[in-house]
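This is what each chain is made of:
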Amino acid sequence: MKAITQTLGEIVSQAFESAGYDANLGVVTASDRLDLCQFQCNGAFAAAKQYHKAPFIVAEQVAEILKKNDIFSGVEVAKPGFLNLTLNDSYLLKQANTIAADPNLGIPQAEQPSTIVLDYGGPNVAKPLHIGHLRSAIIGESIKRIARAAGHRVIGDIHLGDWGLQIGLVITELQARYPDWRCFAADFDPEADQVEPLNAAMLNEVYPFASKKSKTDEEYAKKAHQATYELQNGRPGYIALWKEILRTSIEDMKGNYEKLGVTFDLWYGESNADRYVPRLMDILAEKNLLVESDGALIVEVAEPEDKAPMPPVIVRKSDHSSIYATTDLATIIQREEDFHPDKIWYVVDNRQGLHFTQVFRCAKKAGLVPAQTEFEFLGFGTMNGADGKPYKTRDGGIMKLEDMIATVTAGAQEKLEASSFVDEEDYQDIARKVGVAAIKFGDLINQRAKDYVFDLSKFFSFEGKTGTYLLYTITRINSILKKAGVPVDQPLSLTGVYTDSERELLLKILMGGDVFQRALSEKAPNYLCENAYQLANLFSKFYHDNHIIDEPNDAKKQSWLALIALVRQVLCKHLDLLGIETVEHM
Ligand code: ARG
């Protein structure tokens with residue numbers, strides 16, 4: 001299905017053409033003055049310039065043609081040349097019924113689906129999964145779902161930080177504590193020797209300890225660098241231990257991401273790109289892009305039109321260790337080889353913007369991908385505490401994701417009436433969903449690139465722009481439908497428009513395709529949050545004004561039930577695109 005402004009735009013374009021003007025002038029937008037009209041077209045102004053006529057005359061001519069079309073109940077020209085359009089109720093109903101029966105629920109499908117690699121999540125193995133990585137997971141998951149809903153092929157890759165100094169630190173600390181482990185012996189034999197099993201709690205304690213120590217103990221830091229170097233150069237005992245670290249850490253992460261409703265197609269990490277580094281270096285050398293600088297190898301990526309200084313990319317440090325940029329470049333080779341993506345999108349903290357500009361430029365210069373492949377950095381802002389600084393726990397530490405999920409589940413439990421649940425398991429499950437919805441919606445409602453204040457008490461409010469309010473609205477519709485004995489997931493037929501608030505609801509539903517397209521083109525889930533909120537609000541108004549269940553006129557009642565069933569479907573779809581699970585009751 002096309003977005004409504006497109007459908008109307010085609011009709012108005014044809015009218016411009018029939019009146020003897022350029023068809024491109026017929027662009028239609030939603031009106032922001034619903035008291036005047038539902039849609040508008042301002043093409044007469046551009047036409048006036050192009051054809052040296054008064055805009056009012058042009059608009060009048062186009063309006064004459066549009067008036068013959070019975071989808072409009074109103075076609076008016078407002079001075080000095082605005083075209084104001086209002087749709088007939090029967091057309092509103094027809095469109096709403098088409099949406100209800102559409103498996104995509106009115107979401108416009110891409111004419112040429114793209115293959116998109118989406119790099120998001122990006123947690124670091126061995127480090128506790130903390131909320132710094134929460135935004136990437138939440139935003140990335142939503143963008144993935146949005147792009148898929150339009151028919152694109154999206155491959156979500158977590159791109160684990162699994163190959164850096166943090167592993168060297170953990171190895172160093174474990175070696176200090178357990179010098180007798182076989183994996184530390186010079187003659188470790190991967191075929192015959194076993195590695196001691198680790199667990200998440202242990203890693204969560206060891207990494208912060210080692211990281212802290214390395215900041216004050218130079219000797220220790222050196223050891224960690226050496227361990228990283230030996231690991232990256234294939235020391236068998238370290239490789240075996242690293243695999244165990246990876247296994248433990250990933251298992252722990254998977255549990256947490258699952259609770260958040262975040263899933264990845266690929267669990268690749270920086271280490272998977274390692275085997276592409278030699279090829280990367282060859283390509284860079286072949287293209288004469290490598291420059292030696294103080295023993296390191298760099299690639300210049302500055303361009304004459306740069307307004308800010310653009311440092312070169314360091315692809316190999318003087319100690320020959322490869323670094324973040326090298327890994328990202330090698331990963332691009334891997335992705336090109338595996339998927340030939342049309343686009344590669346990165347959902348990463350804004351503070352890494354420069355890094356990605358450098359990487360993208362270097363990749364293009366080196367021809368790692370075809371010229372038309374699009375790279376896009378989808379940066380996000382910081383999650384702040386009430387003090388405006390990056391969110392910390394009460395004792396000043398970094399909040400672990402696991403603790404965050406537990407906190408929001410407990411917060412939701414406080415809000416929910418224990419008596420309305422069948423059993424403890426049901427209660428726990430719903431509390432988690434409500435809690436996760438609160439943080440996800442609280443995050444996604446903000447413009448992606450902006451910082452925001454993480455405020456749980458606000459996120460849990462049953463009123464206003466919150467996940468809680470939306471889940472609650474859906475449960476209200478569920479109970480009305482249940483009371484009326486109407487099945488929730490079959491499209492029902494809308495047959496009439498009886499009140500203004502219904503008309504507004506229908507219009508909102510019709511506009512869904514436009515909102516979706518905007519969210520996709522700007523990779524901005526916040527438009528869907530805003531729209532879901534407005535839809536829920538219109539529903540509340542409609543529900544408040546009309547007694548659906550007690551309505552004596554059966555035709556009216558049935559149509560209203562069909563309407564709220566459609567509202568429910570559309571709301572659920574919005575939440576699904578945001579990666580938020582809904583609940584049956586709460
Ligand atoms: N692991 C990185 C970090 O914690 C984020 C990875 C982002 N993705 C990428 N391709 N570099 O900062």
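That block above? That's the structure.
Please read these numbers as outputs of a predicted model, since none were measured by experiment. (Residues numbered from 1 in each chain as written. Predicted model: local features only at pLDDT ≥ 70, side-chain atom pairs only at ≥ 80, totals over all residues. Heavy atoms only, no water.)

So what's going on with the nonpolar core? Which residues, and what values?
Formed by 161 residues in total, the largest nonpolar core has its most connected members in Phe16, Leu83 and Ile245. With 14 residues, helix α20 (residues 554-578) is the largest single contributor of residues to this core. Once residues lying within four places of it in the same chain are set aside, the contact partners of leucine 83 are Phe16, Phe39, Gln40, Cys41, Ala59, Val62, Ala63, Leu66, Val75, Glu76 and Val77. Listed in part, the 34 residues of the second largest apolar core include Leu266, Ala273, Ala363 and Phe375. (Core = buried A, V, L, I, M, F, W, Y, C linked by side-chain atoms within 4.5 Å. Buried < 20%, exposed > 50% of the residue type's maximum accessible area, 1.4 Å probe, protein only. Helix = DSSP H or I, 4+ residues; strand = E, 2+ residues; numbered from the N terminus. Contact = heavy atoms within 4.5 Å.)

Would you mind going over the site of the ligand in detail, with residue names and values included?
Close to the ligand lie Asp119, Gly122, Asn124, His133, His159, Tyr324, Asp328, Tyr346, Val348, Gln352 and Phe356, which account for all nearby residues. Within the side chain of tyrosine 324, a nitrogen or oxygen atom sits 2.8 Å from a nitrogen atom of the ligand. Between a nitrogen atom of the ligand and a side-chain N or O atom of aspartate 328, the distance comes to 2.7 Å. A total of 350 Å² of accessible area belongs to the ligand in isolation, and the protein chains cover 87% of it. Taken together, the elements giving at least two residues each to the shell around the ligand come down to α11 (324-339) and β10 (343-349). Grouping the constituent residues of the shell around the ligand by class yields 4 nonpolar, 5 polar and 2 charged. (Near = heavy atom within 4 Å. Polar contact = N/O pair within 3.5 Å; in protein donor to acceptor, adjacent residues only side chain to side chain. Areas by Shrake-Rupley, 256 points an atom, 1.4 Å probe, with all protein chains shown as cover. Nonpolar A, V, L, I, M, F, W, Y, C, P; charged D, E, K, R; others polar.)

Explain the sheet that holds strand β11 (residues 374-380) to me, using residue names and the numbers behind them.
Through backbone hydrogen bonds, the strands of a sheet pair up, either in parallel or in antiparallel fashion. Taken in spatial order, the 4 strands make up an open sheet running β6-β5-β10-β11, and their pairing is parallel. The sheet is open, and its two edges are formed by β6 (153-157) and β11, each paired on a single side. On average, each strand axis in the sheet is tilted by 20 degrees relative to the strand beside it, whichever way the strands run. Where strand β5 (residues 115-119) lies against β6, 5 bridges are found, and the strand directions are parallel. Counted as the bridge partner of isoleucine 116 is valine 154 from β6. Set on the sheet, helix α5 (residues 134-149) makes contact with β5, β6, β10 and β11; between it and β10 the angle comes to about 155 degrees. (Pairing = 2+ DSSP bridges. Axes fitted to C-alpha atoms, helices over the stretch in contact; angles between N-to-C directions.)

Go over the side chain of aspartate 426, please, and point to the residues and values.
Along the chain, aspartate 426 falls in helix α14 (residues 424-444). As a buried residue without a salt bridge, aspartate 426 has its nearest oppositely charged side chain in lysine 433, at a separation of 7.5 Å. Sequence-distant contacts of aspartate 426, defined by excluding residues within four places in its chain, comprise Phe421 and His585. (Lys, Arg positive; Asp, Glu negative; His and termini not counted. Salt bridge = Lys/Arg side-chain N within 4 Å of Asp/Glu carboxyl O.)

I'd love a proper account of the pairing of strand β3 (residues 72-78), names of residues and values included.
Where β3 and strand β4 (residues 82-87) come together, 6 bridges link them in antiparallel fashion. Counted as the bridge partner of glycine 74 is threonine 86 from β4.

Pulling in residues and values, what's your account of the packing of helix α13 (residues 401-415) against α14?
Where α13 meets α14, the closest approach of the two axes is 7 Å, and the angle between their N-to-C directions is 110 degrees. As summarised for this structure, α13 and α14 are arranged roughly perpendicular, according to the angle between their axes. Judged by the sense of rotation from one axis to the other, the crossing of α13 with α14 is right-handed. Along its contact with α13, which presents Met404, Val408, Thr409, Ala412 and Gln413, the element α14 presents Tyr427, Gln428, Ala431, Arg432, Val434, Gly435, Val436 and Ile439. Grouping the amino acids of the contact of α13 with α14 by side-chain chemistry returns 8 nonpolar, 4 polar and 1 charged. (Parallel < 35°, antiparallel > 145°, perpendicular 65-115°, else oblique. Left-handed = near helix turned anticlockwise from the far one by under 90°.)

Tell me about the sheet that holds β4, and name the residues and values.
If you walk across this open sheet you meet the 4 strands as β1-β2-β4-β3, and the pairing is antiparallel. The strands lining the two open edges of the sheet, one partner per strand, are β1 (28-30) and β3. Pairs of neighbouring strands in the sheet enclose a mean axial angle of 25 degrees, with direction left out of account. Relative to strand β2 (residues 39-41), β1 runs antiparallel, the two being bridged by 3 bridges. In the strand pairing of β2, threonine 29 is matched with glutamine 40.

Would you mind going over the pattern of salt bridges in detail, with residue names and values included?
According to the stated counting rule, one finds 31 salt bridges in the structure shown. The closest approach of N and O atoms between aspartate 157 and arginine 335, which form a salt bridge, is 3.0 Å. With aspartate 157 in strand β6 and arginine 335 in helix α11, this pair connects stretches of sequence that are 178 residues apart. By relative accessible area, which is 2% here, arginine 335 ends up buried. For arginine 177, the salt bridge is made with glutamate 205, and the minimal N-O distance between the two is 2.9 Å.

Tell me about the packing of helix α10 (residues 277-286) against α11, residues and numbers included.
Running from amino to carboxyl end, α10 crosses α11 at an angle of 95 degrees, the nearest separation of the two axes being 9 Å. When the axis of α10 is compared with that of α11, the two are roughly perpendicular. Residue-level contacts link Val277, Arg279, Leu280 and Ile283 of α10 to Thr326, Leu329, Ala330, Ile333 and Glu337 of α11. In the contact of α10 with α11, the residues fall into 6 nonpolar, 1 polar and 2 charged.

Which residues make up α10, and what values go with them?
Every buried residue of α10 is listed here: Val277, Leu280, Met281 and Leu284. Projected onto a plane normal to the axis of α10, the buried residues spread over an arc of 95 degrees and lie on a single side. Across α10 from its buried face, at more than 90 degrees, point the exposed residues Pro278 and Glu286. The inward-facing, buried residues of α10 contact β7 (290-293), β8 (296-299), β9 (313-316), α11 and α12 (353-366). A positive backbone phi angle near 60 degrees is found at asparagine 288, which sits one or two residues after α10. (Arc of directions from axis to C-beta.)

Any chance you could break down the packing of aromatic side chains for me, citing the residues and the numbers?
Evaluation of the coordinates by the stated rule reveals 23 aromatic pairs. Relative to tyrosine 472, the ring of phenylalanine 462 lies with its centre 5.4 Å away and its plane at 85 degrees, an arrangement referred to as edge-to-face. With phenylalanine 462 in the loop between α15 (456-459) and α16 (467-483) and tyrosine 472 in helix α16, this residue pair connects regions lying 10 residues apart in the sequence. Taking 6.2 Å as the distance between ring centres and 90 degrees as the angle between the ring planes, the aromatic pair formed by tyrosine 498 and tryptophan 560 counts as edge-to-face. Placement of the pair is tyrosine 498 in the loop between α16 and α17 (500-510) and tryptophan 560 in helix α20, with a sequence separation of 62 residues. Residue tryptophan 560 is classed as buried on the basis of its relative accessible area of 2%. Against the face of phenylalanine 56 rests lysine 79, its NZ or CZ located 5.2 Å from the ring centre. Positioned above the aromatic ring of tryptophan 267, the side-chain terminus of lysine 254 is 4.8 Å from the ring centre. (Phe/Tyr/Trp six-rings, centres within 6.5 Å; stacked < 30°, edge-to-face > 60°. Lys NZ or Arg CZ within 6 Å of the ring centre and 35° of its normal.)

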